[in-house]
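A structural walkthrough
Residue strings, one per chain:
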Amino acid sequence: MANNNFSFGSSLLVPSLQELAKESNLTVPSRYIRTDQDRLVSISDDDHGLHFLDQIPVIDLQKLISDESTELAKFHSACKDWGFFQLVNHGVSSSLVEKTMTETQNILKLPLEEKKKFRQSAEEVEGFGQAFVFSEEQKLDWNDPMVLTTLPVNIRKPHLIPKFPSAFREALDIYSLKLKDLAICLVEQVEKVLKVKEKEVSRLFEDGLQAMRLNYYPPCPQPEKVIGLTPHSDASAITILLQTHDVVGLQVKKDGNWVPVKPLPNAFIINIGDVLEMITNGEYRSIEHRVMTNLQKERFSVATFYSPSLDSEIGPSHSFITEQSPPKYKRLGMKEYMRRYFQHELNSKSFLDTMKL
Ligand SMILES: O=C(O)CCC(=O)C(=O)O
Ligand SMILES: [Fe+2]
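An unreviewed UniProt entry lists the protein under the name Fe2OG dioxygenase domain-containing protein, with Rhamnella rubrinervis as the source organism. One UniProt comment on the protein, placed under Sequence similarities (unreviewed entry), says "Belongs to the iron/ascorbate-dependent oxidoreductase family."

As structure tokens, then:
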């Protein structure tokens, strides 16, 4: 059984961006300046310059659960062709969602002295700080995030969630359980649409691993020179993203182009992660995404990552393997998979490439 001795790994400690971003007449330090990224854009207050011509699909969960055939077809195409969609009618109350977002903002904006109690350590990637930093030369994101494991409860780090302000803890406790149910429900819809036999996929998720990244992107005086979050795909099976819906920033890679996401009020943004790509043997694929920074506005998001249980083994499921379609990905334990993920620099889908046969 997993316990709280489990560690994802470590990352070099980085300075607090929250403090840096407060400086007046700030010149962005070279460690944040990106010359390795294509088409960085400056997002201004009114979103000028962004063309929302192409948009990720919108899926209605209630219609999906009721087996409405057009919604099932839309869902399949959203997962297969986009790997990203907005989910409406998801059943999580707007009061809980609002409370979670308010408390997230409160905790991400705690004074530095308070935040220090919850900082990453040299051995542990959970807590305030950036993950995936392995050298002093490595470029940093314009983001002051915190990573936490949230479920199962017994792998929560004793010095983090249990010590958080009670308002945040209360919201998180309910939110994490609701999002677990929602993630399992989405996995079941995948299973239904792809005609998986004998709950072979959803079985892996009953006592699944849930982690969250709370992202805090302060405004940046030179947004076209930095990136809020490096292009990546998520290691999870399914990611459920909550964000301040009035500030755009997320972009999704579709057919080689970056498509900005314009979030709908009361919607979650869902994406397929690397584990689901492995389990479905590439039938559904994880999708690269990145975050742009805003000149005037700060932006917050809560990414909830849901994956199979730490005790499970992952790899292509039997339902997806035939003579014509042999396994394309390795099989390995979830613990080992997560450990390897956190030892690898975040860079497009390069980690998933190491999982290919
Ligand atoms: O902030 C966002 O919109 C995206 C966050 C994200 O992709 C992540 O935390 O993995
Ligand atoms: Fe992500």
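With that out of the way, let us pick up the pattern of salt bridges. Counted according to the given criterion, the structure contains 17 salt bridges. Lys 117 is the partner of Glu 114 in a salt bridge, and the nearest nitrogen-oxygen pair spans 3.1 Å. The class of Lys 117 is exposed, set by a relative accessible area of 52%. When the shortest N-O distance is used, the salt bridge between Glu 126 and Lys 157 registers 3.6 Å. With Glu 126 in the loop between α5 (112-115) and β3 (127-128) and Lys 157 in the loop between β4 (146-151) and α6 (166-193), this residue pair connects regions lying 31 residues apart in the sequence. Each member of the pair Glu 126 and Lys 157 is classed as buried. Through salt bridges with shared partners, a single ionic network connects Glu 336, Arg 339 and Arg 340.

With that settled, consider the site of ligand 1. In the vicinity of ligand 1, 14 residues are found, and the nearest of them are Arg 213, Tyr 217, His 289, Arg 299 and Ser 301. Note that an oxygen atom of ligand 1 is positioned 3.0 Å from one of the side-chain N or O atoms of Asn 215. Within the complex, 98% of the 300 Å² of free accessible area of ligand 1 lies under protein. Per element, the largest residue contribution to the shell around ligand 1 is 4 residues, and it comes from strand β12 (residues 299-307). Per-class residue counts for the shell around ligand 1 are 7 nonpolar, 4 polar and 3 charged.

Conventions adopted
Residues numbered from 1 in each chain as written. Chains lettered and ligands numbered in written order. Predicted model: local features only at pLDDT ≥ 70, side-chain atom pairs only at ≥ 80, totals over all residues. Heavy atoms only, no water. UniProt positions renumbered as here; feature names shortened; annotations may be inferred. Salt bridge = Lys/Arg side-chain N within 4 Å of Asp/Glu carboxyl O. Buried < 20%, exposed > 50% of the residue type's maximum accessible area, 1.4 Å probe, protein only. Helix = DSSP H or I, 4+ residues; strand = E, 2+ residues; numbered from the N terminus. Near = heavy atom within 4 Å. Polar contact = N/O pair within 3.5 Å; in protein donor to acceptor, adjacent residues only side chain to side chain. Areas by Shrake-Rupley, 256 points an atom, 1.4 Å probe, with all protein chains shown as cover. Nonpolar A, V, L, I, M, F, W, Y, C, P; charged D, E, K, R; others polar.

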